[in-house]
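Okay, here's what each chain looks like letter by letter:
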Amino acid sequence: MTDDPRPIRADVGPDGLRFDRDRLARKLDLLPPDAPVVVMIHGWRYAPGFARDCPHGSILSLDPAPQDRRAVSWPRHLGLDGRTGLGIALGWNAKCDPWRAHRRALACGPALAEIAETVHRQSGRPCQVFAHSMGVRVALAALPYLPAGRISRMILLAAAETRGRALAALDTPAGRTAEFVNVTTRENDLFDAGFEWGIHLGLRTSIGQGLGRTRANWHDLWIDQPQSLRSLAALGHPLPDLPRRICHWSPYLRPGTIALYRALIDGRLSALNLPRPTPSRRWSRLILGTWGFPVAPGLPPDLGPMGRT
C-alpha cells in the first residue's frame, strides 16, 4: 500500500476533517528529505463525492476523466507521485451558490492548518499549497491558525480573495515566513469583477488585481503580460499567449504553466527571479483582444467554458 502513487485524500465535511493519517505517515517515511509536500485545493462548484463534480476524480486525480476539458491532473504534472513529491488533495463542499461557498471556504482554513500541523508533527517538514479560485480563500484562511514555518510557499491561481484578507494573512506569524506567488491574468477580469460586486458589493478589491502594495514575500505574476512572457521564456519557461479574452482556468490550463509551478515547488526556480511588470488596465484584454489590437466590430469575445472553478 505504501507505493500507491495517488495523493492523500483529505475531505472537509459536517464532521470535520477526515484523512488517512497512517497512510500519510507511511508516505512521509518513504519520501526523500528534500521532496516537497503539497496540499492542493480546488475552488467553486466542486465537492467530494458528487460524481463528475468530485475533485478527486478530476483535477486532484492522477487520472482525471478525459472528457473533462478542465481536468488536467495537478498531482501528475506537479510531480507529486509519492517519490519526487507528495500530494495531499483537500476537498471541500463548494457545490452551492457562491455566497455559501465563500463562507465555507473561510471555515475550511482550520482543516488546512490541521493538515500542515500533522505533516510537521510526523516529519518535521513544512507544506506548500497550490490553490485555485475560492481554494485560495481556504489557503489564506489557514495562516492565522498556524505558527511560523508550517507553510513554506503558496501558489495562488486566479484567486477569489480580497486584498484586505490577504494582507491580514501576511501579517500572521505563518504568513511572514511563507512565500506567495499570486498568478493572475486579465483573462480573469470578469470573474474578479463578479467576486468583488456579487459578494462584496464593490467595496473590496480582489487580489486578482494584484496585492496593491509591495511585500518582500509576495510576488504578483501576470501571465498575460508581454514583458512577463519574454522574461519567463528567458528563464526557460515559455508560455503561449492563448487566444482567449476571458478564461478563469488559464493559470493551469495554459501549456507550460504547471511546469513553471513545478519548478517553483521543487526549488529549480526562485520566485525572486519572476518578472514583476506593471499590469495593464482592467478589461484591456477584453477590449483590445489578446495582442493589444481592437476587437473587430461584431466579433464576440471568447468567454471560454463556464461552471466549476
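Small disclaimer: the values here were computed from a predicted structure and weren't measured.

**Things to note about the sheet that holds strand S1 (residues 8-13)**
Read from one edge of the open sheet, eight strands run S2-S1-S4-S3-S5-S6-S7-S8, paired in mixed fashion. Every other strand in the sheet has two partners, leaving strand S2 (16-19) and strand S8 (218-222) as the edge strands with one partner each. In this sheet, neighbouring strand axes are inclined to one another by 20 degrees on average, regardless of whether the strands run parallel or antiparallel. One ladder, built from four bridges, connects strand S3 (residues 37-41) with strand S5 (residues 127-132); its direction is parallel. Among the inter-strand pairings, Ile 41 is bridged to a residue of S5, identified as Ala 131. Running at roughly 170 degrees to strand S6 (residues 151-157), helix H11 (residues 257-265) makes contact with S3, S5, S6, strand S7 (179-184) and S8 of the sheet.

**Regarding unusual backbone geometry**
One non-glycine residue, Arg 45, adopts positive backbone phi at about 80 degrees. Turning to its location among the elements, Arg 45 is positioned in the loop between S3 and helix H2 (74-77). Relative accessible area serves as the criterion here: at 29%, Arg 45 is assigned to the partly exposed category.

**What to know about the nonpolar core**
Ranked by size, the top nonpolar core spans 55 residues in total, and within it Ile 41, Leu 90, Trp 92 and Leu 140 carry the most contacts. Judged by nonpolar contacts, the second largest core, of 33 residues, contains Met 40, Tyr 46, Ile 223 and Leu 260.

Calculation rules
Residues numbered from 1 in each chain as written. Predicted model: local features only at pLDDT ≥ 70, side-chain atom pairs only at ≥ 80, totals over all residues. Heavy atoms only, no water. Pairing = 2+ DSSP bridges. Helix = DSSP H or I, 4+ residues; strand = E, 2+ residues; numbered from the N terminus. Axes fitted to C-alpha atoms, helices over the stretch in contact; angles between N-to-C directions. Contact = heavy atoms within 4.5 Å. Buried < 20%, exposed > 50% of the residue type's maximum accessible area, 1.4 Å probe, protein only. Core = buried A, V, L, I, M, F, W, Y, C linked by side-chain atoms within 4.5 Å.

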